[in-house]
Amino acid sequence: MIEIENLNVWFGEGPDRVDAVKNVSISVGEGESFGLVGESGSGKSTILRAAMGLAPTWSGRISIGGIDARSGDRRQFLKTVQMVFQDPYASLHPRYVIGEAIAEPMRINKIPDSEARTDRLLEAIGLTPAHRFRYPHELSGGQRQRVAVARALSLDPKVLLLDEPTSALDVSIQAEILNLLNRLKKELGLTFMIVSHDLAVVSYMCERLAVMAHGEIVEVMDRETLRSGEAKEQYTRDLIAASV
Ligand SMILES: Nc1ncnc2c1ncn2[C@@H]1O[C@H](COP(=O)(O)OP(=O)(O)OP(=O)(O)O)[C@@H](O)[C@H]1O
Ligand SMILES: [Mg+2]
């Protein structure tokens, strides 16, 4: 469902050039959840942005749901993959009521019955049609993140890219959001790529993960290896040791 081959992403040119992602290859099957962990600045968010087709300069191959990011149908590509960000406060427009925030992508894409679909999405994320008329600041952080998830789902994507989806939330509601994501994933047959600095989140959500450092993949492993702490690379073992 997600095919990334020899991805390089860089910012700037000449002496100012930053190589944010170096020769990264990742393959994620349909229905799988794949995690990305690693230190700050290691290129995790840049990989997600590139997978959305939003990196300014890149080389390699990206294909989502069989649609090539360069040569495929752009509209179809953007319907297939959606992103959820860390801070729902920043990603939701403060002057748009929740119903508008969820319906906007449908309106842009001329999807019929956007109102009924908005109500169904609100229900799916555990809110009610009455929430349609609320502003983001009138919701809790967890409710706002639910709305960001509903908005991401409004075009019926196959893939969600989640960048630290719970790290801006109270610990007590992190699990609620993770469980909501897992339920929606099962119901809608979604595929996830999840960035988190929290190894417990990745261990809970993801069957496999990649450990990143300085723009490169250090190691790809499965959940069982993460849990056992018996990673191949010393870098990974240190990361696991530091997180407990
Ligand atoms: N728009 C940009 N312009 C220039 N450099 C950028 C840009 N976006 C990211 N970078 C650089 O690319 C590298 C990777 O950044 P990225 O945001 O992908 O890291 P990250 O792993 O997501 O880190 P964090 O855990 O802090 O979110 C960093 O060196 C960063 O400074
Ligand atoms: Mg990041």
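See above for the structure.
Scoring rules and cut-offs
- Residues numbered from 1 in each chain as written.
- Chains lettered and ligands numbered in written order.
- Predicted model: local features only at pLDDT ≥ 70, side-chain atom pairs only at ≥ 80, totals over all residues.
- Heavy atoms only, no water.
- Pairing = 2+ DSSP bridges.
- Helix = DSSP H or I, 4+ residues; strand = E, 2+ residues; numbered from the N terminus.
- Polar contact = N/O pair within 3.5 Å; in protein donor to acceptor, adjacent residues only side chain to side chain.
- 1 Å grid on protein atoms, 1.4 Å probe; cavity = no way out; pocket = protein on both sides within 12 Å on 5 of 7 lines; lining within 4 Å.
- Points joined across faces, edges and corners; volume = space filled by probe spheres on them.
- Nonpolar A, V, L, I, M, F, W, Y, C, P; charged D, E, K, R; others polar.
- Contact = heavy atoms within 4.5 Å.
- Axes fitted to C-alpha atoms, helices over the stretch in contact; angles between N-to-C directions.

## Some remarks on the pairing of strand E10 (residues 216–222)
Side chains on a regular strand alternate between the two faces of the sheet.
Part 1 of the reasoning: With six bridges joining them, strand E9 (residues 208–213) and E10 adopt antiparallel strand pairing. Pairing of Ala-210 across the sheet is with Val-220, part of E10.
Part 2 of the reasoning: Linking E9 back to E10 in an antiparallel pair, the connection comprises two residues, with His-214 at a positive phi of about 50°.

## Let's talk about the side chain of Asn-109
Part 1 of the reasoning: Among the structural elements, Asn-109 can be located in the loop between helix H4 (98–108) and helix H5 (114–124).
Part 2 of the reasoning: Here the side chain of Asn-109 touches Pro-105 through a polar contact of 2.9 Å, landing on its backbone oxygen.

## Quick word on the layout of surface pockets
Part 1 of the reasoning: Taken as a whole, the largest pocket spans an internal volume of roughly 470 Å³.
Part 2 of the reasoning: Met-52, Gln-82, Pro-105, Arg-151 and Leu-155 are, among the 20 residues lining the largest pocket, the residues nearest its centre.
Part 3 of the reasoning: Listed by contribution, the elements that provide at least two residues to the lining of the largest pocket are helix H2 (74–80), strand E6 (81–84), H4 and helix H6 (141–153).
Part 4 of the reasoning: Within the lining of the largest pocket, the residues separate by chemical class into 12 nonpolar, three polar and five charged.

## Considering the sheet that holds strand E5 (residues 67–68)
Part 1 of the reasoning: Within the open sheet, the four strands sit side by side as E2-E1-E4-E5. Their pairing is antiparallel. Two strands in the sheet have a free side with no partner beyond their single neighbour: strand E2 (18–28) and E5.
Part 2 of the reasoning: Summarising the sheet, strand E1 (residues 2–11) and E2 pair through seven bridges and their orientation is antiparallel. When the bridges of E2 are listed, Trp-10 appears paired with Asp-19.
Part 3 of the reasoning: Here helix H1 (residues 44–51) sits on the sheet and contacts E1, E2 and strand E4 (58–64); the angle it forms with E1, its principal contact strand, is near 115°.

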